[in-house]
Amino acid sequence: MHQRIKDVLDLMVPPQGEELWHGGPTLMGCLRGIKVMQAVWKPAPIRNSIWDLTLHMAYWKHNIIAHLNPEFREEFERSPSNFPEIPKKQSEGNWKADKILLKATHEKLIQEIKAFPAEKLDEICPTKPNYTFIKLITGIAAHDTYHIGQIQVLKKLYVEMNKLG
């Protein structure tokens, strides 16, 4: 496996028994233990919830899969794009289903990255002409790290806000 691909994959799926370099949780680890009330909570009406961010990350993983693999034709199962709407019925079952959607999309992306030909990493992506393939791959890893950090902050804010009132 090409070293650049291995380095990105180590950020997205750390080897068994190893922590991420920043000491924070993995993608699915940051969602562990979150119940539906915490998942839908927003610190302000115009801010995103953990559930919003979960669907947003799933969408962008799906989007990058489509850029890496021109044969991938599946439509993302939620809409609108970028920040799909959370279900009208906000139940533990629906929350679990959307976490499963994120996990499945993440696993599909990991498989696409592993299968991506190393000799094409520095080529311009035809469907995203301002980016090389390696920029798309490293970009989605950075995207995860950014939103995992937001989720960690939202979890702490939720606890603090519930202590106050």
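Here's a quick rundown of the structure. (Residues numbered from 1 in each chain as written. Predicted model: local features only at pLDDT ≥ 70, side-chain atom pairs only at ≥ 80, totals over all residues. Heavy atoms only, no water.)

### Some remarks on empty space enclosed by the protein
Where empty space is left in the structure can be found by rolling a water-sized probe over the atoms.
In step 1: Inspection of the entire model under this criterion finds one cavity of 30 Å³ or more.
In step 2: Here the largest cavity is characterised by a volume of approximately 70 Å³.
In step 3: Forming the boundary of the largest cavity are L11, M12, L20, H22, T26, L27, A141, D144, T145 and I148.
In step 4: Mapped onto the lining of the largest cavity, the elements with two or more residues apiece are helix 1 (3-12) and helix 5 (133-164).
In step 5: The element that contributes the greatest number of residues to the lining of the largest cavity is helix 5, accounting for four residues.
In step 6: Of the residues in the lining of the largest cavity, the class split is six nonpolar, three polar and one charged. (1 Å grid on protein atoms, 1.4 Å probe; cavity = no way out; pocket = protein on both sides within 12 Å on 5 of 7 lines; lining within 4 Å. Points joined across faces, edges and corners; volume = space filled by probe spheres on them. Helix = DSSP H or I, 4+ residues; strand = E, 2+ residues; numbered from the N terminus. Nonpolar A, V, L, I, M, F, W, Y, C, P; charged D, E, K, R; others polar.)

### Description of the side chain of T132
In step 1: In this structure, T132 sits in strand 2 (residues 128-132).
In step 2: Residue classification places T132 among the buried residues on the basis of a relative accessible area of 15%.
In step 3: Beyond its immediate stretch of four places on either side in the chain, T132 contacts L121, D122, E123, I124 and C125. (Buried < 20%, exposed > 50% of the residue type's maximum accessible area, 1.4 Å probe, protein only. Contact = heavy atoms within 4.5 Å.)

### A few points about the nonpolar core
In step 1: The biggest cluster of nonpolar side chains holds 24 residues, and the ones touching the most others in it are L31, I34, I50, W51, W95, L102 and I151.
In step 2: Where this core is concerned, the elements lending two or more residues are helix 2 (36-40), helix 3 (50-68), helix 4 (92-115) and helix 5.
In step 3: Of all the elements, helix 3 adds the most residues to this core, at seven residues.
In step 4: One finds V8, I113, C125 and L136 within the second-largest nonpolar core, a separate group that totals 20 residues. (Core = buried A, V, L, I, M, F, W, Y, C linked by side-chain atoms within 4.5 Å.)

### Looking at helix 1
Since there are 3.6 residues in each turn of an α-helix, residues three or four apart along the chain are aligned in direction.
In step 1: For helix 1, every residue scored as buried is listed here: I5, V8, L9 and M12. An end-on view of helix 1 places all buried positions within 100° of arc, on one side of the element. (Arc of directions from axis to C-beta.)

### Let's talk about the pattern of salt bridges
In step 1: Within the structure shown, the criterion is met by eight salt bridges.
In step 2: Notably, a salt bridge pairs E85 with K88, separated by 3.7 Å at the nearest N-O pair.
In step 3: Judged by its relative accessible area of 46%, E85 is partly exposed. (Salt bridge = Lys/Arg side-chain N within 4 Å of Asp/Glu carboxyl O.)

### Observations regarding the packing of helix 1 against helix 4
In step 1: The contact between helix 1 and helix 4 brings their axes to 10 Å, and the two run at 165°. When the axes of helix 1 and helix 4 are compared, the pair comes out roughly antiparallel. At the point where helix 1 passes helix 4, the crossing takes the left-handed sense. Counting all contacts with helix 1, which are made through I5, L9 and M12, the residues of helix 4 involved are H106, L109, I110, I113 and K114.
In step 2: Across the contact of helix 1 with helix 4, the residue classes break down as six nonpolar, one polar and one charged. (Axes fitted to C-alpha atoms, helices over the stretch in contact; angles between N-to-C directions. Parallel < 35°, antiparallel > 145°, perpendicular 65-115°, else oblique. Left-handed = near helix turned anticlockwise from the far one by under 90°.)

### Some remarks on the pairing of strand 2
In step 1: When strand 1 (residues 124-125) meets strand 2, the two strands line up antiparallel, connected through two bridges. Across the sheet, C125 pairs through a bridge with K128, a residue of strand 2.
In step 2: Between strand 1 and strand 2, which pair antiparallel in sequence order, lie two residues. (Pairing = 2+ DSSP bridges.)

### Considerations on helix 4
In step 1: Taking 1.5 Å per residue as the helical rise, helix 4 with its 24 residues ought to reach 34 Å, and the 35 Å between its terminal C-alpha atoms agrees with that figure.
In step 2: Of the residues making up helix 4, those classed as buried are W95, D98, L101, L102, T105, H106, L109, I110, E112 and I113.
In step 3: In the core, the buried residues of helix 4 are packed alongside helix 1, helix 2, helix 3 and helix 5. (Expected span 1.5 Å × (residues − 1).)

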